[in-house]
Amino acid sequence: MKILVVNCGSSSVKYTLFEMASEKRIAWGVIECIGLLESHYKRQNINTHEQKDCVKVADHKEAIEIIIKDLFDKKIGVVVDASEIAVVGHRVAHGGIKFLKSVLVTEKVKKDLKEYFAIAPLHNPANYAGILAIEKMLPGIPSVLVFDTAFHQTMPDYAYMYAIPYEYYEKDHIRKYGFHGTSHNYVSQRAAAMFRKSTDELKLITVHLGNGSSIAAIERGKVVDTSMGFTPLQGVVMGTRCGDIDPAIVPYILSTYPQQYKNSSEFLNTLMNKKSGLLGISGLSADMRIIVKAVESGNKRAKLAFEVLCYSVKKYISAYYGVLNGIDGLIFTAGIGENSPLVRGRICANLHALGIEVSLKKNNVKSRKERLISSSKSKVKVMVIPTDEELMIARESKICMYE
Ligand code: ADP
């Protein structure tokens, strides 16, 4: 049985085709810069090496048409007949309060999903376009939606409620939702496997550090709090996002520069989502690899950006340690979490009061494998677990279809 996973971002489409018996990838790729003068298409399958092309792709529909045609290509394709694909799993950014778990696509589901366009204007319309394109290209093949927000929907009301007038929650559904749920879910399950226990027996903090970053406090397999909020802007400092700031800064900036910024919401969204974080403080880059190199060569603002990010993560870990009244495991994942010993080491430094002690030697080992990096004295097991959101979406899609 094959399952196709489709991830439509605001200007990209990523895909992976799995053979589910072995859970092996048989084809994968990405089309980026959709809608621009030139889009970039990178693809590979078990019969080919990586191929890179510049193509012209107007929208998500065209991108999916190109991807499906290639999957079925007579010479280099990996699918002969559409019936080989049992289900298509779509990553969807925002499931709001309606979607608490993955769902099979129906007309009603599509209608409900449209209600969340306003809440996630960059991502949900792209996800929706992807669903329609797949329906057209693969008629009769069922689609399942797997939501970034769903895993967090176990949070208690006092964790997801913002202390603004209640009517904004009732009318506009303004509350914390959380994101990266598929990743937090996947690494918490893998951590349980490393503990040789069920997630029901464990208290975990999962730390997803990529371009976007979020932390989750997970008790017995259920999220009790997470750092991202109504949107992915809240929480720890990220590549280009500011994370938590005093909300009064927003009206202050607007009143300080009233003439300069007429379209205030767009200006502020760009400022806080695209120009802040590592990039904003360092003035150099949003890429942690570049920041780390600059830190090593003595760049002061890069060092400050690095410290601010690590400190913000350390604060969330400490807070969630308290929320959970102790933890069994602390899990690092995603681009920075999996690859940067410097960041992991800085975040975990001086946390021995919480029973968290990282082994210098184990932390410095370069590996793509799941591994333990805590010292033998550490009460908390600190782990690095590569995330696999695509595989998790494929598994969820299979469960949703057949169970
Ligand atoms: P996204 O949120 O886009 O999925 P990723 O999970 O791929 O992001 O993470 C991207 C981040 O990981 C970038 O900041 C990148 O610099 C960082 N990263 C990747 N490899 C390393 C490394 N070896 N050392 C430090 N940071 C790294």
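Scroll up to find the structure this text is about.
Residues numbered from 1 in each chain as written. Predicted model: local features only at pLDDT ≥ 70, side-chain atom pairs only at ≥ 80, totals over all residues. Heavy atoms only, no water.

Draft legend 1. Geometry of the site of the ligand. Inspection of the region around the ligand gives Gly210, Asn211, Gly212, Ala286, Asp287, Met288, Arg289, Ala334, Gly335, Ile336, Asn339 and Ser340 as its neighbouring residues. Note that an oxygen atom of the ligand is positioned 3.4 Å from one of the backbone N or O atoms of Gly212. One nitrogen or oxygen atom from the main chain of Ile336 is found 3.3 Å from an oxygen atom belonging to the ligand. Within the complex, 68% of the 580 Å² of free accessible area of the ligand lies under protein. Residue assignment for the shell around the ligand shows that the elements contributing at least two residues are α10 (288–296) and α12 (334–339). The element that contributes the greatest number of residues to the shell around the ligand is α12, accounting for four residues. Grouping the amino acids of the shell around the ligand by side-chain chemistry returns four nonpolar, six polar and two charged. (Near = heavy atom within 4 Å. Polar contact = N/O pair within 3.5 Å; in protein donor to acceptor, adjacent residues only side chain to side chain. Areas by Shrake-Rupley, 256 points an atom, 1.4 Å probe, with all protein chains shown as cover. Helix = DSSP H or I, 4+ residues; strand = E, 2+ residues; numbered from the N terminus. Nonpolar A, V, L, I, M, F, W, Y, C, P; charged D, E, K, R; others polar.)

Draft legend 2. Looking closely at the sheet that holds strand β5 (residues 51–55). The strand order across the open sheet built from eight strands is β5-β4-β3-β2-β1-β6-β8-β7, with neighbouring strands paired in mixed fashion. Among the strands making up the open sheet, the edge pair consists of β5 and β7 (103–104). The pairing of strand β1 (residues 2–8) with strand β6 (residues 85–92) spans five bridges and is parallel. Paired with Leu4 across the strands is Val88, a residue of β6. Where helix α15 (residues 389–402) meets the sheet, its contacts fall on β1, β2 (13–19), β3 (24–32), β6, β7 and β8 (143–147), and the angle it forms with β6 comes to roughly 120 degrees. (Pairing = 2+ DSSP bridges. Contact = heavy atoms within 4.5 Å. Axes fitted to C-alpha atoms, helices over the stretch in contact; angles between N-to-C directions.)

Draft legend 3. Spatial organisation of unusual backbone geometry. Of note in this structure, His180 is not a glycine but carries a positive phi near 60 degrees. Looking at where His180 falls in the secondary structure, it is placed in the loop between α5 (167–172) and α6 (181–195). Owing to a relative accessible area of 10%, His180 belongs among the buried residues under this scheme. (Buried < 20%, exposed > 50% of the residue type's maximum accessible area, 1.4 Å probe, protein only.)

Draft legend 4. View of the packing of α6 against α15. As a packed pair, α6 and α15 sit with axes 9 Å apart at the nearest point and diverge in direction by 90 degrees. Classified by the angle between their axes, α6 and α15 sit roughly perpendicular to one another. The residues of α15 that touch α6, namely those facing Thr182, Ser183, Asn185, Tyr186 and Gln189, are Glu389, Leu391, Met392, Ile393, Arg395 and Glu396. Of the residues assigned to the contact of α6 with α15, the class counts are four nonpolar, four polar and three charged. (Parallel < 35°, antiparallel > 145°, perpendicular 65-115°, else oblique.)

Draft legend 5. Structural context of the nonpolar core. Counting residues in each nonpolar core, the largest one holds 38 residues, and the members touching the most others are Ile205, Val207, Met288, Val313, Ile317, Leu330 and Ile356. Those elements giving two or more residues to this core turn out to be β9 (203–209), β10 (213–219), α10, α11 (300–323), β12 (329–333), α13 (341–348) and β14 (381–384). Sorting elements by how many residues they give to this core places α11 first, with nine residues. Not counting the four nearest positions on each side in its chain, Ile205 is found in contact with Ile215, Ala216, Ile317, Tyr320, Tyr321, Leu324, Ile327, Gly329, Leu330 and Ile331. Within the second largest apolar cluster, 29 residues are counted, among which are Met20, Ala86, Val144 and Ile218. (Core = buried A, V, L, I, M, F, W, Y, C linked by side-chain atoms within 4.5 Å.)

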